[in-house]
Structure formats: C-alpha cells, structure tokens
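# Observations on the three-dimensional arrangement
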Amino acid sequence: MRIFRSSTYRQTPWKNGGGVTTEIIVFPEGAALSDFDWRVSMAQVSSDGAFSEFVGIDRTLTVIEGAAMTLHFGEQRKVRLSPASPPFDFPGDVRVDAVLEGEALTDLNVMTRRGRWSHDVTKIGGNERHAVRTNANCVVLFCSGGAVTVEVTGHNAALLEKHDAVLYDAKGGELELACHGSGDALLIELYKQSA
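Below is a short write-up of the structure. Bear in mind the structure is a predicted one, so any value in this text is a computation, not a measurement. (Residues numbered from 1 in each chain as written. Predicted model: local features only at pLDDT ≥ 70, side-chain atom pairs only at ≥ 80, totals over all residues. Heavy atoms only, no water.)

### Brief notes about the sheet that holds strand S12 (residues 138-145)
Spatially, 5 strands are ordered S1-S15-S12-S17-S10 in an open sheet, and the strand pairing comes out antiparallel. Bordering the open sheet on either side are strand S1 (2-4) and strand S10 (117-124), each of which pairs with just one other strand. Here the average twist between neighbouring strands, direction ignored, is 20°. With 3 bridges connecting them, S1 and strand S15 (residues 165-169) associate as antiparallel partners. Paired with Ile3 across the bridge in S15 is Val166. (Pairing = 2+ DSSP bridges. Helix = DSSP H or I, 4+ residues; strand = E, 2+ residues; numbered from the N terminus. Axes fitted to C-alpha atoms, helices over the stretch in contact; angles between N-to-C directions.)

### Thoughts on the pattern of salt bridges
For the structure on display, the rule yields 11 salt bridges. Here Glu65 makes a salt bridge to Lys162, at a shortest N to O gap of 3.2 Å. Taken together, the residues Glu65 in strand S6 (residues 57-73) and Lys162 in the loop between strand S14 (158-161) and S15 connect sequence positions 97 residues apart. The partner of Arg133 in a salt bridge is Glu176, with the nearest N and O atoms 3.1 Å apart. Remark: Glu176 occurs in strand S16 (residues 175-181) and Arg133 occurs in strand S11 (residues 130-134); sequence separation between them is 43 residues. Overall, Arg133 belongs to the exposed group, its relative accessible area being 55%. The class of Glu176 is partly exposed, set by a relative accessible area of 41%. Shared partners join several salt bridges into a network, and the residues in it are Arg10, Glu23 and Arg39. (Salt bridge = Lys/Arg side-chain N within 4 Å of Asp/Glu carboxyl O. Buried < 20%, exposed > 50% of the residue type's maximum accessible area, 1.4 Å probe, protein only.)

Written as structure tokens, this is what we have:
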C-alpha cells in the first residue's frame, strides 16, 4: 500500500502545451509521457481547445468539479460531461475538441498503454460503506471530494482527504476493500495484459 497526498503532486505541461496537468501516479515511476504504462492525473480545463493526442493509449475522463464540457469527436459525435456524469472511455489517438459551458472544471484522467494494461474506473458515493472485490493487478482509490477511509485486509486503514490517493499492488490476486466516509471516490482497477 502506498498513499499519495495532494500536496506532493507534481505539475507537468500538457503534451500540446495548452495547459497544466497534475500528475498523481505514473507507472513505471518517473516515466515520461512517451513511455508510461499507465498514468493517473488531474487537469484544470479553463478554455475551449483540442485534447492532446496519445497514440496507443486508452483514456477514461471523469469531471470531478466545476462546470460541464462537451467533447466533439469530429462532426458525427458529441458527448457532454459534467460532475454528475459517469466516467467516460475513449481512445487517446482520436481527435477530440472540448467546449466548456461557462466556468472552468477539473477532471481526472486515467490512461493505459493499449496491449500492456487496461483499466476500469467506477464512481463510489459517500455516506455508505462500499465493499469491492477485484482481481486487478493494481488498484487506485482517489478521493474526489470530502474524505474517505479505505480498509483492506492485511493493511492499515488509509484516510484520504480531497484529491489524495492510495495505491494497492494486488499482483493479480483477489483484493477486498471497503470504502466509507463523507466524501466521494473513484475506484481505478488496472489490469496487466498477458504477452
């Protein structure tokens, strides 16, 4: 188990230079945008514009606070995302333009390198105890607001405040975790693909 506090995150420029991303966890540790296997990050989107292109990457975007935006995939497809929307999956190597509805927003972005890793992202609401059983190789729980406590058999309980995260290396074995508290969280399950 490893806890990541929001005060320690590093900020990096967007790949296209249009803003700044707050990197939460990257694997392998210290990997660059060109060679990571998976990455969890936050970004503040304050103006309309194109998303960075990531060839061979699958992405999941979740708006965690602020206003809404509409993603334009060419002229055929539009998807509106707000803090009430479920996590949204899309390939990182397609052209995407974002149009904001008013004020800025903050999103959480999960990316995995296709063929090496895959992922699932699930919202977990506060004020109830949630029990999760997973066979993922790695599990990240990210506190998107308020505070949550995570309990995993064999580990100390972890108290996460807003934008903190905890990483569990399950090594592909079954992992049982419980999450409860006054806040909201995102469960990120990461699966290593067989060669």
